[in-house]
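A look at the structure
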Amino acid sequence: MASDIALPELAPAASRRPADITIRQGPVPKSTGGDPTDVATFVRGSQGELWLDFPGTLTMLITGGHTIAYRPYPGVHEDEVRLFLLGSGLAAIMMQRGFLVLHANAVVPQGSDTAIACIGDSGAGKSTMAVAMMLRGHRCLADDVCPIGEGATILPGLARAKLWDDSARRLGIDTAPLSRVRPQDAKWNLPLGGHDRAAPARIGLLVCLKPSERGDEALEEITGADRFTVLRNNVFRPEYYAAMGIETRLLGRIAELASTTQMVRLMRPAQGFEIDRQIDKLLALHAAIAEPERRIDQRQAEGSLTKDE
């Protein structure tokens, strides 16, 4: 990748091959304003091209799956520019290259060559779960944005996880040496150790995290049409696919993943749950799925797996 802005969140290049992604400032069409309730005011596109406006931060033009041109608004902090370039910018590049991009995290357990991917609403605990697993010695493959290709294979993401202040405290992480994701937010960039050695990994288990205000706790298989719906609801910025006219490709990728990947829903209390116990359940289930002679309906993970009919 070649960029005119420093991107410390990226792992160093493993070789000296020519850059296949270029990030450069301008020229980008300016925003013309419009109805703030209309997505077309901020997202416009065509085949192989996507224009985005993040008011007060920057505009971007992503083209051909290889180029991001950007124009910052006056006075915007460089950290915010990087946040959108590495989030929506790179996600759009992956979409243009034919990947299904999920709002997800992925961790490869020790001794395994397949990943546990976690999806869920904002605040469901995806990053907290991924970092807690990393602290136990497992390899965090991607945080927040997961590009998924053929064969349910996840590409390595950025060499950092984004962690809110309360989650960092809960996990015993000292935030003093960390940089903020945005100057105004109590959210931190946590480097992922060993990410320079990261390699793509196939999804072995896909987990939908679901906090429960009633304190429910369960691990249940996701079945039938619900599999497609859950995945569709966790696509990263589906309006980008729509603007570029590639929704049919998106739906095909979702259907492929839904038909080939084991999916479960992890219900846990919204407050006061034991994250290590939740991790143990997922690791046990992932290990069982990874062994061909054992089936999910053997009720792994401490006997807590139930069918979601």
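Residues numbered from 1 in each chain as written. Predicted model: local features only at pLDDT ≥ 70, side-chain atom pairs only at ≥ 80, totals over all residues. Heavy atoms only, no water.

1. Looking at the environment of Glu-150
Considering the arrangement of structural elements, one finds Glu-150 in the loop between β10 (145-149) and β11 (153-154). For Glu-150, a relative accessible area of 61% gives the class exposed. Residues Glu-150 and Arg-202, spaced 52 residues apart in sequence, show a C-alpha to C-alpha distance of 9.2 Å. Apart from residues lying up to four places away in sequence, Glu-150 is in contact with Arg-253 and Glu-256. (Helix = DSSP H or I, 4+ residues; strand = E, 2+ residues; numbered from the N terminus. Buried < 20%, exposed > 50% of the residue type's maximum accessible area, 1.4 Å probe, protein only. Contact = heavy atoms within 4.5 Å.)

2. Quick look at the confidence of the model for the chain
Parts of the model with low pLDDT should not have their predicted coordinates read in detail. With 89% of its residues at a pLDDT of at least 70, the chain reaches an overall mean of 86. Per-residue pLDDT stays below 50 along residues 293-302; that stretch engages in 17 contacts with residues further than four places along the chain or on separate chains. (pLDDT = per-residue confidence, 0-100.)

3. What about helix α1 (residues 78-96)?
Over its 19 residues, α1 runs 26 Å from end to end, which matches the ideal 27 Å to within 8%, given 1.5 Å per residue. Roughly 30 degrees is the biggest bend found in α1, and it falls at Leu-85. Burial of α1 is extensive: 18 of the 19 residues sit out of reach of the surface. Of the residues trailing α1, Gly-98 is marked for its positive phi of about 100 degrees. (Expected span 1.5 Å × (residues − 1). Bend = angle between axes of the 7 residues up to and from the residue.)

4. As for the nonpolar core
Generally speaking, a soluble globular protein has its nonpolar side chains buried in company with each other. By size, the foremost hydrophobic cluster in this structure holds 62 residues, and its most contacted members are Met-60, Leu-85, Leu-102, Leu-206, Tyr-240 and Leu-257. Ranked by residue count, the leading element in this core is α1, at 11 residues. In this view, Leu-257 contacts Leu-100, Leu-102, Ile-148, Ala-152, Ile-203, Leu-206 and Leu-231; residues no more than four positions away in its chain are not counted. Of all hydrophobic cores here, the second largest spans 31 residues; its members include Ala-132, Cys-140, Ala-161 and Ile-173. (Core = buried A, V, L, I, M, F, W, Y, C linked by side-chain atoms within 4.5 Å.)

5. Quick notes on the sheet that holds strand β12 (residues 160-164)
Picture the strands of a sheet paired through backbone hydrogen bonds; they go either parallel or antiparallel. Strand order across the open sheet formed by three strands is β12-β14-β13, with antiparallel pairing between neighbours. Looking at strand neighbours, the two that pair on one side only are β12 and β13 (179-180), the edges of this open sheet. In this sheet, strand β14 (residues 187-191) lies alongside β12 in antiparallel orientation, the contact comprising five bridges. Paired with Arg-160 across the two strands is Pro-191, which belongs to β14. Across the sheet, helix α2 (residues 126-135) is in contact with β12 and β14; its angle to β12 comes to roughly 120 degrees. (Pairing = 2+ DSSP bridges. Axes fitted to C-alpha atoms, helices over the stretch in contact; angles between N-to-C directions.)

6. Some remarks on the pairing of strand β5 (residues 58-63)
Among the six residues in β5, five count as buried, and that is most of the element. The sheet contact formed by strand β4 (residues 49-54) and β5 spans six bridges and is antiparallel. Bridge pairing links Phe-54 to Leu-58 in β5. Examined bridge by bridge, β5 and strand β6 (residues 67-72) share six bridges and lie antiparallel to one another. Counterpart to Thr-59 in the pairing with β6 is Arg-71. Between the antiparallel neighbours β5 and β6 lie three residues, among them Gly-64 with a positive phi of about 65 degrees.

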